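# Analysis of the macromolecular model
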Amino acid sequence: MYRTVQSPYIISEKDGTYKAIDGTKQKSDETVYNGWAIWDNYRTQLPLLSIAWPQRYHGISSSIANLYNFGKKDFATEYEPSNTVRTEHAIVVLLDAYRKGYNIKFEGIIDSLISEANRLDFSRPDKALESSYDIWALSEILTILKKNDLSKKYKEKALEYKNYWNKDFKDLNKPDVDKMQARGLYQGTIWQYRWFVPFDVKGLINLIGGDKTYLNQLDNFFENDLYNHANEPDIQVPLMYNASNEPWKSQELMHRLAVDTVIQYYFNDNSRGIDPFVDKIYKNEPKAYIRTMDDDAGAMSAWYIFTACGFAPACVGWPVYYLNVPLFKSVEFKWPGKKSMHIQVENFSDDNKYIKKVILNGKELERNYITHEEIMSGGELTIVASDKPAQNWGTQNQWISEIK
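In this report, we go over the structure that sits alongside the text.

Here is what the cut-offs are and how they apply
Residues numbered from 1 in each chain as written. Predicted model: local features only at pLDDT ≥ 70, side-chain atom pairs only at ≥ 80, totals over all residues. Heavy atoms only, no water. Helix = DSSP H or I, 4+ residues; strand = E, 2+ residues; numbered from the N terminus. Rg over C-alpha atoms; globule rule 2.2 N^0.38 Å. Buried < 20%, exposed > 50% of the residue type's maximum accessible area, 1.4 Å probe, protein only. Contact = heavy atoms within 4.5 Å. Areas by Shrake-Rupley, 256 points an atom, 1.4 Å probe, with all protein chains shown as cover. Pairing = 2+ DSSP bridges. Axes fitted to C-alpha atoms, helices over the stretch in contact; angles between N-to-C directions. 1 Å grid on protein atoms, 1.4 Å probe; cavity = no way out; pocket = protein on both sides within 12 Å on 5 of 7 lines; lining within 4 Å. Points joined across faces, edges and corners; volume = space filled by probe spheres on them. Nonpolar A, V, L, I, M, F, W, Y, C, P; charged D, E, K, R; others polar. Parallel < 35°, antiparallel > 145°, perpendicular 65-115°, else oblique. Left-handed = near helix turned anticlockwise from the far one by under 90°. Patch = residues over 30% accessible without salt bridge, like charges linked within 9 Å, V, L, I, M, F, W, Y side chains within 5 Å. Salt bridge = Lys/Arg side-chain N within 4 Å of Asp/Glu carboxyl O. Phe/Tyr/Trp six-rings, centres within 6.5 Å; stacked < 30°, edge-to-face > 60°. Lys NZ or Arg CZ within 6 Å of the ring centre and 35° of its normal.

### Points about the overall build of the protein
On a plain count of helices and strands, the protein comes out with 14 helices and 14 strands. Scaling as 2.2 N^0.38, a compact globule of 404 residues should have a C-alpha radius of gyration of about 22 Å, and the protein matches this with 21 Å. Taking the principal axes of the C-alpha coordinates as reference, the protein spans close to 60 × 55 × 45 Å. For the protein, buried positions account for 59% of its 404 residues. Taking all contacts inside the protein whose residues are at least 6 apart in sequence as the whole, residues at least 24 apart take part in 66%. When the accessible surface of the protein is split by element, carbon and sulfur atoms take 46% of a total near 17700 Å².

This is how it looks when you write it as structure tokens:
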């Protein structure tokens, strides 16, 4: 939790004044924040803040939007009060915040959002997939603004990810698919980056060859220790069994990566078989990160907190969370006033890592996800755990992302 809440931080005075990124003094009705690391914490840390500290997240999300009024760049400008890690994927974060009920005023910044999207880099295989995510988010924002022709244009551009995917990620028989930084990849392998289509998993399943092939390739990925939890390029993949007829495998994986001993390769430029890490990833001790682990201002820490609480983002940009068995018997979110969400586990045990049943406010939840609105409305969420997979639970009424 300490690592998760280190950024961003307040830069406005008590009267609302702050120094904008063009060097001028400005005034805001919201508390103004800086100190961004959106580059990877858009995946977990910012979504966690949007739940745990909604009052503060109003200022955080509006501060991100406000960057566009002063010529936002991917790194901090010379006028900002501190360096930032990176601010890419802010478009995804703003769409996510809007759909969670935060007051994002797209009308005044849409030209800047479009300008940023038009500058995105598609020159490398990983960049092509990541940039397509932002393009998809922009198309959704344009739909919100009822700019339907522009939305269609960018949606079609987002769908071009399929061409890049077929070119570099479909064929797994090439010798470099498990090599770190092959083909100019930034911090991962072909195997690790190929899953990064969170905005269109249905489309990805079709590209892979259908449900059966999708499931077989996920099994191969994890059974052969091709996954890397020391960095973020593939941290959404443990949740991707929720888009299959075996969602219980995601429940087991979330538990395993959070608390059990695992095998990890791919540190720095290592690929397969070179000095693997065999231990628990998260430990209750001062030096708690595994070798070369990149927390990116709380991204890895927030992943653990989500898992510990029993839910995690299905696709940032949609207010939906996949469910797993929490790591605690009881978890509670308390917000100002009397509202709270209490999450409890029946049959709690270290061995009971599978979901047998879910009950939300007295009514059985016959699906593998919960919405942001349901969480923030408060109440009682009961997860009944089991030591054996419930083969049919979570296979009906599934939420799977799709470009429509």
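Further notes follow.
### Overview of the sheet that holds strand β8 (residues 320-323)
Read from one edge to the other, the open sheet built from 3 strands follows the order β7-β8-β13, with strand pairing classed as antiparallel. Unpaired on one side and paired on the other, β7 (311-313) and β13 (369-371) mark the two borders of the sheet. The average angle at which neighbouring strand axes cross in this sheet is 35°, direction not considered. Relative to β13, β8 is paired through 3 bridges, and the arrangement is antiparallel. Across the sheet, the residue bridging to Tyr322 is Tyr369, located in β13. Of the strands in this sheet, β7 and β8 touch helix α13 (residues 299-309), which is tilted by about 135° from β7.

### A word on empty space enclosed by the protein
The tally for this structure, following the rule as stated, stands at 7 cavities of 30 Å³ or more. Reported here for the largest cavity is a volume of approximately 190 Å³. Lining the largest cavity are 16 residues, with Arg43, Thr44, Gln236, Pro313 and Val316 sitting closest to its centre. Taken together, the elements giving at least two residues each to the lining of the largest cavity come down to α13 and β7. Residue composition of the lining of the largest cavity, by class: 13 nonpolar, 2 polar and 1 charged. The computed volume of the second largest cavity comes to approximately 140 Å³. Taken together, 16 residues line the second largest cavity, and the ones lying closest to its centre are Val201, Gln236, Met240, Ala314 and Tyr322. A per-class count over the lining of the second largest cavity returns 14 nonpolar, 2 polar and no charged.

### Observations concerning the layout of surface pockets
In this structure, the largest pocket spans a volume of roughly 680 Å³. Together, 25 residues line the largest pocket, and Met1, Tyr282, Ser301, Tyr304 and Ile305 are the ones closest to its centre. Counting only elements with at least two residues in the lining of the largest pocket, the list comes to α2 (45-52), α12 (248-259), α13 and β9 (330-334). Broken down by element, the lining of the largest pocket gets its largest block of residues, 5 residues, from α13. Considered class by class, the residues forming the lining of the largest pocket number 18 nonpolar, 2 polar and 5 charged. Each pocket or cavity is described by its volume, and for the second largest pocket that value is around 390 Å³. In terms of residue count, helix α3 (residues 54-67) provides more of the lining of the second largest pocket than any other element does, 4 residues in total. Considered class by class, the residues forming the lining of the second largest pocket number 6 nonpolar, 9 polar and 4 charged.

### Details of the packing of helix α4 (residues 90-99) against helix α6 (residues 125-144)
Look at α4 against α6: their axes get within 8 Å of each other, and the N-to-C directions meet at 40°. By the angle between their axes, α4 is oblique relative to α6. α6 is crossed by α4, and the crossing has left-handed handedness. Seen from α4, the contacting residues are Ala90, Ile91, Val92, Leu95, Tyr98 and Arg99; seen from α6, they are Tyr133, Asp134, Trp136, Ala137, Leu138, Glu140, Ile141 and Ile144. For the contact of α4 with α6, the per-class residue count stands at 11 nonpolar, no polar and 3 charged.

### Side note on the sheet that holds strand β12 (residues 363-364)
In spatial order, the strands read β9-β10-β14-β11-β12; together these 5 strands make up an open sheet with mixed pairing. Each having just a single partner strand, β9 and β12 make up the two edges of the open sheet.

### A look at a nonpolar patch on the surface
Taken together, Met1, Val5 and Trp53 make up a surface patch of nonpolar side chains, about 280 Å² in accessible area. A relative accessible area of 39% places Val5 in the partly exposed class.

### Things to note about the pairing of β9
A regular strand places its side chains on the two faces of the sheet in alternate fashion. Side chains of β9 alternate between two faces, with Val331 and Phe333 buried and Ser330, Glu332 and Lys334 left unburied. When β9 meets strand β10 (residues 340-346), the two strands line up antiparallel, connected through 5 bridges. Paired with Lys334 across the bridge in β10 is Ser340. What sits between β9 and β10 in their antiparallel hairpin is a turn of 5 residues, with Gly337 showing a positive phi close to 95°.

### So, the packing of aromatic side chains
This model, assessed by the stated rule, comprises 29 aromatic pairs. One aromatic cluster is present, formed by Tyr42, Tyr133, Trp136, Tyr161, Phe196, Phe199, Trp318, Tyr322 and Trp399 through successive ring pairs. The ring of Trp318 has Arg99 sitting right over it, with the charged end atom 3.7 Å from the ring centre. The side chain of Arg367 reaches across the aromatic face of Tyr369, ending 4.7 Å from its centre.

### What about the side chain of Asn242?
Residue placement: Asn242 occurs in the loop between α11 (211-223) and α12. Setting aside its immediate chain neighbours within four residues, Asn242 contacts Pro247, Ser250, Tyr322, Asn368 and Gln398.

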